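Commentary on secondary and tertiary structure
Here are the chains, one letter per residue:
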Amino acid sequence: MEIVLQIFLLALGFTMLIKGADFFVDGSSGIASRFGIPQLVVGLTIVAMGTSAPEAAVSISAALKGNAGITIGNVAGSNILNILIILGLTAFLTKKVVPVASSTIKYEMPFMIVITLILLWMGYAGNEISRLEGAGLWVVFLSYLFYLLKMAKKGDDKNQKDDKGETLERGGDKKEKSMAMLLLFTVAGLALIVTGSSVTVDAATAIARIIGLSERFIGLTIVALGTSLPELFTSVSAARKGSADIAIGNIVGSNIFNILFVVGTSALIIPVVFESKFIVDFIVAVAACVLLWIFSFSGKSLNRVEGGVLLLGYLGYFIYLL
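These figures come from a predicted structure and were not determined experimentally.

Mapped onto the elements, Y314 comes out in helix 13 (residues 304-321). Note on Y314: relative accessible area 10%, which makes it buried. The spatial distance from the C-alpha of Y314 to the C-alpha of V284 is 9.5 Å, given a sequence separation of 30 residues.

Pasting the structure below:
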């Protein structure tokens, strides 16, 4: 009887994730159109931070309880999943190629690679992320937000130069919704995504325990994937709705947010232990970032074949974990 209940909760969680992703993408992209903010900026900020809420909640809560060691595993696992599984599935399931903005290829992706390498170096050199290093990550995070603010301003300037007809056309039918409705869609969608993620992780974990899977296996697979479910459903939904900038920006922004904000905040609360076993995981994370950048740079987009290669990359990593 218990497993029947958990299967029902699992289905309920997935339903909440699917509907929440639809609402969230509609609302956030509508707000972007209304204010003339580039969808890429929305993907790198509001959507990225919103869908990273589960990772942030798990890591910061653990740090407050004096168990900050979970932070590194959570961030490493989520960042690898974000690229190899989520962007892999997004590219594989979308009929057309997923275009990548030139600014993402030139600036955000190299930045993501650099800060992942910096975190790896911090952990390798000192076996922990100290409070001082956490403060340094926060300084970089604030600088990154300032850069995004400048990007949004450039978007405003560009739209002011365009004629009104073009701006209306870019907004599409989302212009017909009131600002209150767009905000409601965004907030309700995010709430459904976060709640659905929690329900899904709890149900899947319970099912795994009933079946008899180990705690280690559950943590490295189900929980890591579970906290990345918001990114998965949001990115796939955005790509299918033609908001590719939100799909790519969501993942790149989430990975940057996980390192700078999640690890930085956790380290400010209590030094974060960086166990030696995570060095391999972060090498894989760097390799995933570089592979994504190469694919994006070569064709300015992700196609189904490249999505398949990313998925195969995770399969190889999964076999290593086993």
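Here the narrative resumes.
With that out of the way, let us pick up unusual backbone geometry. With phi around 60 degrees, N127 is a residue other than glycine that occupies positive phi space. On the secondary structure map, N127 appears in the loop between helix 5 (102-126) and strand 2 (128-129).

Moving on, we come to the environment of A208. By the element assignment, A208 lies in helix 8 (residues 179-211). Overall, the relative accessible area of 3% leaves A208 in the buried class. Considering only alpha carbons, one finds A208 and I3, 205 residues apart in sequence, at a separation of 9.8 Å.

Further remarks concern the environment of F295. Mapping F295 onto the fold places it in helix 12 (residues 278-299). Among the residues examined, F295 registers a relative accessible area of 13% and is labelled buried. When the C-alpha positions of F295 and E306 are compared, they lie 7.0 Å apart, and in sequence the two are eleven residues distant. If near-sequence neighbours (up to four positions away) are discounted, F295 is found in contact with S301, L302, E306, V309 and L310.

Turning to helix 1 (residues 2-35), a few remarks are in order. The terminal C-alpha atoms of helix 1 lie 49 Å apart, and with 34 residues this matches the ideal 50 Å at 1.5 Å per residue to within 8%. Note on helix 1: the residue one or two positions beyond its end, G36, has a positive phi of about 70 degrees.

Attention now moves to the packing of helix 12 against helix 13. Where helix 12 contacts helix 13, the axes come no closer than 11 Å and their chain directions differ by 170 degrees. Classified by the angle between their axes, helix 12 and helix 13 sit roughly antiparallel to one another. Residues V280, D281, V284, L291, F295 and S298 of helix 12 pack against E306, V309, L310, Y317, Y320 and L321 of helix 13.

Our next topic: the nonpolar core. Formed by 74 residues in total, the largest nonpolar core has its most connected members in I83, M112, I129, I248, L260, F282 and L302. Tallying contributions element by element places helix 11 (residues 244-269) first for this core, with 13 residues.

Tallied over the entire structure, the rule returns 13 aromatic pairs. With 6.0 Å between their ring centres and 65 degrees between their planes, F141 and F257 make a pair best called edge-to-face. Of this pair, F141 sits in helix 6 (residues 131-161) while F257 sits in helix 11, placing them 116 residues apart in sequence. Of the residues examined, F141 reaches a relative accessible area of 4% and is grouped as buried. Overall, the relative accessible area of 7% leaves F257 in the buried class. Ring geometry for F257 versus F261: centroids 4.7 Å apart, planes at 15 degrees, classification stacked.

Calculation notes
- Here the residue numbering is sequential within each chain, running from 1 through the sequence in written order.
- Where local features are concerned, this predicted model is filtered to residues with pLDDT of at least 70; where side-chain atom pairs are given and counted, the filter is 80 or more; whole-chain, interface and lining totals use all residues.
- Based on all heavy atoms of the structure, the side-chain values leave hydrogens and waters out of the count.
- Helical segments are the DSSP runs of H or I of at least four residues, strand segments are the runs of E of at least two, and each set is numbered from the N terminus.
- Exposure classes here rest on a 1.4 Å probe applied to the protein chains alone. A residue is buried below 20% of its type maximum, exposed above 50%, and partly exposed in between.
- We call two residues contacting when some pair of their heavy atoms lies within 4.5 Å.
- In this scheme, a helix's expected span is set at 1.5 Å multiplied by one less than its residue total.
- The axes are straight lines fitted to the C-alpha atoms, using for helices just the contacting stretch, and the angles between their N-to-C directions are given from 0 to 180°.
- For classification, angles of less than 35 degrees are called roughly parallel, those exceeding 145 degrees roughly antiparallel, those between 65 and 115 degrees roughly perpendicular, and all remaining angles oblique.
- What makes a nonpolar core is a set of buried Ala, Val, Leu, Ile, Met, Phe, Trp, Tyr and Cys residues whose side-chain atoms join them at distances within 4.5 Å.
- Only rings of Phe, Tyr and Trp enter the pairing, Trp through its six-membered ring, and a pair is recorded when the two centres are within 6.5 Å. The plane angle decides the type: under 30 degrees is stacked, over 60 is edge-to-face, the rest tilted.

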